[in-house]
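Secondary and tertiary structure notes
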Amino acid sequence: MAVKQPVIITDKHEMRQWSRSMRAQGKTIGLVPTMGYLHEGHLSLIKEAHDLTQLIVVSIYVNPGQFSPSEDLSTYPSDFNGDIKKLVAVPGGVDVVFHPHNLYDYGNNSSSRIGGGGGVKREEKREKVVSCLEEKGLGHETWVRVERLEKGMCGKSRPVFFRGVATVVTKLFNIVEPDVAMFGKKDYQQWRIICRMVRDLDFAIEVIGSEIVRDNDGLAMSSRNVHLSPEERDKALSINRSLLKSKCAAEKGQVNCGDLRNSVIQAIQEAGGRVDYAEIVDQE
Ligand code: PAF
């Protein structure tokens, strides 16, 4: 079978032009937004997208807007060439890899771009989001917030995370103009927030949530797993195990949410983990 080499687009105007010309030819477009360092979870989103649309765009962009200064923006793993190899090997391949340098560069910061076009040499350092105050009003000051759903759970320990995600996904939707967009349910709160945003802001985009893909030992696949030592990985397995145990108990008629929640917390703590939160909530 012939392999498909994706077109690599780094410029947002070029990306929009490509999408519009394809749509003018009656083609449907699926978007798989990622931050790169791709794993089987991402590839399963692409495989699923193939059943839904004719063309696939994968975006690879580590969004500084969703990291607070204390988080791991500078150490977030990346391997662009490895990612392209994986994308070429997916059955059906992908049509475009959208790999912008800085989605918060509005052309008033000439030092932030080193060249243009595919395969550009990129600055090593990842830029932080330029706020309007830092750049005398020339930076970025518009944020999308899903006010109720962004509060609590992951939003408690990562206060800027969801506004950064909602904003960058809005930008990607406006640039790529897809028919369908794929998200993993591993990031369940993120998925619910994006569904709500699409409904509330009338995006004409179908959002698909895909099931979690796990390694053989049961750990949910995540680009950040590369940072785990074998001991940490072992501790992390207690998350899936304790959730499964509570699910089983609930299915057998245990209906006390407090007890179910406490048994998850206890099992993770016993394995040596520190729990940010465990909550049982309605998905809406
Ligand atoms: O889930 C992710 O990888 C990111 O949060 C996303 C949706 C690509 C936005 O940067």
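Presented here is an overview of the structure given in this document.

Criteria and thresholds
- Residues numbered from 1 in each chain as written.
- Predicted model: local features only at pLDDT ≥ 70, side-chain atom pairs only at ≥ 80, totals over all residues.
- Heavy atoms only, no water.
- Phe/Tyr/Trp six-rings, centres within 6.5 Å; stacked < 30°, edge-to-face > 60°.
- Helix = DSSP H or I, 4+ residues; strand = E, 2+ residues; numbered from the N terminus.
- Buried < 20%, exposed > 50% of the residue type's maximum accessible area, 1.4 Å probe, protein only.
- Lys NZ or Arg CZ within 6 Å of the ring centre and 35° of its normal.
- Core = buried A, V, L, I, M, F, W, Y, C linked by side-chain atoms within 4.5 Å.
- Contact = heavy atoms within 4.5 Å.
- Pairing = 2+ DSSP bridges.
- Axes fitted to C-alpha atoms, helices over the stretch in contact; angles between N-to-C directions.
- Salt bridge = Lys/Arg side-chain N within 4 Å of Asp/Glu carboxyl O.
- Parallel < 35°, antiparallel > 145°, perpendicular 65-115°, else oblique.
- Nonpolar A, V, L, I, M, F, W, Y, C, P; charged D, E, K, R; others polar.
- Near = heavy atom within 4 Å.
- Polar contact = N/O pair within 3.5 Å; in protein donor to acceptor, adjacent residues only side chain to side chain.
- Expected span 1.5 Å × (residues − 1).

Quick look at the packing of aromatic side chains now. By the definition in use, this model includes five aromatic pairs. Relative to W191, the ring of Y188 lies with its centre 5.3 Å away and its plane at 75°, an arrangement referred to as edge-to-face. Here Y188 pairs with W191, and both are found in helix α6 (residues 188–200), just three residues apart, close to one helical turn. Take Y188: its relative accessible area is 35%, and that puts it in the partly exposed class. Judged by its relative accessible area of 10%, W191 is buried. Its guanidinium or amino end placed over the ring of W143, R163 lies 3.9 Å from that ring's centre, counting from NZ or CZ.

Counting residues in each nonpolar core, the largest one holds 38 residues, and the members touching the most others are M15, W18, V57, F98 and F173. Among the secondary structure elements, those contributing two or more residues to this core are α1 (12–24), β2 (29–34), β3 (55–60), β4 (96–98), α5 (161–176), β5 (180–184) and α6. It is α5 that contributes the most residues to this core, 10 residues altogether. Once you skip the residues sitting within four places of it in the chain, W18 turns out to touch I9, I29, L55, V57, D95 and V96. Among the nonpolar cores identified, the runner-up in size contains 18 residues, and V32, L38, L45 and V90 belong to it.

Right, let's talk about the sheet that holds strand β1 (residues 7–9) for a bit. In space, the six strands of this open sheet follow the order β1-β4-β3-β2-β5-β6, with parallel pairing throughout. Whereas interior strands pair on both sides, the edge strands pair on one side only; in this sheet they are β1 and β6 (206–210). Here the strands of the sheet are splayed against their neighbours by 25° on average, with no regard to which way each runs. Relative to β3, β2 runs parallel, the two being bridged by six bridges. Paired with V32 across the bridge in β3 is V58. Along the sheet, α5 contacts β2, β3, β4 and β5; its crossing angle with β2, the most-contacted strand, is approximately 150°.

Moving on, we get to the pattern of salt bridges. For the coordinates displayed, the defined rule picks out 17 salt bridges. A salt bridge links R199 to D200; the nearest nitrogen and oxygen atoms lie 2.9 Å apart. According to the relative accessible area criterion, R199 is exposed, its value standing at 55%. You can call D200 partly exposed: its relative accessible area is 40%. Put simply, R192, R196 and E284 are held in one network by salt bridges that share partners.

This part is about the packing of α1 against α5. When two helices pack together, their arrangement is captured by the angle between the axes and the distance separating the axes. Relative to each other, α1 and α5 sit at 55°, their axes nearing to 7 Å. The orientation of α1 with respect to α5, classified from their angle, is oblique. Judged by residue contacts, K12, M15, R16 and S19 of α1 engage N174, I175 and V176 from α5. Residues that form the contact of α1 with α5 fall into these classes: three nonpolar, two polar and two charged.

In the vicinity of the ligand, the contacting residues are P33, T34, M35, N63, Q66, V165, V168, F183, D187 and Q190. The side chain of Q190 places a nitrogen or oxygen atom 2.8 Å from an oxygen atom of the ligand. For the shell around the ligand, the elements supplying multiple residues, two or more each, are β2 and α5. When the residues that make up the shell around the ligand are grouped by side-chain class, the tally is five nonpolar, four polar and one charged.

On to helix α8 (residues 257–270). Its 14 residues place the ends of α8 20 Å apart at the C-alpha level, agreeing with the 20 Å of an ideal helix rising 1.5 Å per residue. Contacts from the buried residues of α8 go to α7 (230–251). In this structure N256 caps α8, since a side-chain oxygen of it lies 2.9 Å from the backbone nitrogen of G258. Within two residues after α8, G272 carries a phi angle of roughly 100°, on the positive side.

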